[in-house]
Amino acid sequence: MDVISQLQEQVNTIASVAFNTFGTLQRDAPSVRLSASYPEPPPNAAEDAATFAEQPKQMSSALVKAAKQFDALVAGLPLPEGGEEAQLKRIAELQAENDAVGQELQKQLEAAEKELKLVQELFSQATDNCFNLKKPD
């Protein structure tokens, strides 16, 4: 897998871990009394409180680990050579090469279309001869 695909995959992993972390924290957070006019929320079970206390640590370490892997992939990217001018020159070279290949492909397409027309005409003549029971010329 190329580096760009790995970076995209790692960004997806970070987003997934963050989404799951926020959702789990929101779902499992203990109830809090918002106002004195509301009744006191029911207390959480002791085992739920212990589990909830550990979850943020585990999830944050998973998020940090994914971010560090992303940073390592970014650090492994090759640095541009020669600055912006060299990159523009390379882009121009690649564009010229692309144009040349495009012209060659266009010529091959035109030749193939001519050959297709010839084959279609020959096929049409052959089927006409078969239907009319004519002998070929």
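Counting of residues starts from 1 at the beginning of each chain's written sequence and follows it residue by residue. In keeping with the model being predicted, local features are shown solely for residues with a pLDDT of at least 70 and side-chain atom pairs are shown and tallied solely at 80 or more, while totals for entire chains, interfaces and linings include all residues. The side-chain numbers reported here are obtained from all heavy atoms of the structure, hydrogens and water having been left aside.

Digging into the overall build of the protein chain
- Helix and strand labels come from DSSP, where a helix needs a run of H or I of at least four residues and a strand needs a run of E of at least two; each type is numbered from the N terminus. When you go through the protein chain residue by residue, the secondary structure sums to three helices and zero strands.
- Ordering the α and β elements of the protein chain from the N terminus gives α-α-α.
- The C-alpha atoms of the protein chain give a radius of gyration of 34 Å, which is well past the 14 Å a tight globule of 137 residues would have.
- Dimensions of the protein chain along its principal axes, counting C-alpha atoms only, are 105 × 55 × 30 Å.
- Buried residues in the protein chain amount to 7% of all 137 residues.
- Residue pairs at least 24 apart in sequence account for 72% of intrachain contacts in the protein chain once pairs closer than 6 positions are excluded.
- For accessible areas, the Shrake-Rupley method is used with a probe of radius 1.4 Å. Any residue's cover is judged against the shown protein chains and nothing else. Carbon and sulfur atoms form 59% of the exposed surface of the protein chain, whose accessible area is close to 11700 Å². For this measure, only C-alpha atoms enter the radius of gyration; the expected value for a globule follows 2.2 Å times N^0.38, where N is the number of residues. Throughout this description, buried means an accessible area under 20% of the type-specific maximum (1.4 Å probe, protein chains only), exposed means over 50%, and partly exposed covers the range between. Two residues form a contact once any of their heavy atoms are found within 4.5 Å.

Structural notes on the pattern of salt bridges
- Salt bridge criterion: a side-chain nitrogen from Lys or Arg within 4 Å of a carboxyl oxygen from Asp or Glu. As enumerated under the stated definition, the model contains two salt bridges in all.
- A salt bridge links Glu54 to Lys57; the shortest N-O distance between them is 4.0 Å. Residue Glu54 and its partner Lys57 are both found in helix H2 (residues 46-75); the two are separated by three residues, about one turn of the helix.
- Glu93 is paired through a salt bridge with Arg90; the nearest N and O atoms lie 3.7 Å apart. Here the residue Glu93 and the residue Arg90 both occupy positions in helix H3 (residues 83-132), the gap between them amounting to three residues, near one helical turn.

Thoughts on H3
- With 50 residues, H3 ought to run about 74 Å at 1.5 Å a step, and its terminal C-alpha atoms sit 73 Å apart, in line with that.
- In the segment just after H3, Leu133 is the residue with positive phi, at about 55°. A helix is expected to reach a length of 1.5 Å times the quantity of its residues less one.

Re a nonpolar patch on the surface
- Residues enter patches when they are more than 30% accessible in relative terms and free of salt bridges; like-charged ones are connected within 9 Å and nonpolar ones (Val, Leu, Ile, Met, Phe, Trp, Tyr) within 5 Å. Side chains of Val32, Leu34 and Tyr38 sit close together on the surface and give an oily, nonpolar patch of about 390 Å² of accessible area.
- Of note, Tyr38 is situated in the loop between helix H1 (3-28) and H2.

Concerning H1
- Taking 1.5 Å of rise per residue, the 26 residues of H1 would be expected to cover 38 Å, and the 37 Å separating its terminal C-alpha atoms lies within 8% of that figure.
- Where H1 is concerned, the buried positions are Leu7, Gln10, Val17, Ala18, Thr21 and Thr24.
- The N-terminus of H1 is capped by Asp2, whose side-chain oxygen sits 3.0 Å from the backbone nitrogen of Ile4. Polar contacts, as used here, are pairs of N or O atoms within 3.5 Å; protein pairs need one atom able to donate a hydrogen and one able to accept it. Residues neighboring in sequence count only if both atoms are side-chain atoms.

Here's the deal with the side chain of Gln10
- Along the chain, Gln10 falls in helix H1.
- Classification of Gln10 by relative accessible area gives buried; the value is 10%.
- Side-chain polar atoms of Gln10 contact the side chain of Gln69, separated by 3.1 Å.
- Setting aside chain neighbours within four positions, we find Gln10 in contact with Ala66, Gln69, Phe70 and Leu73.

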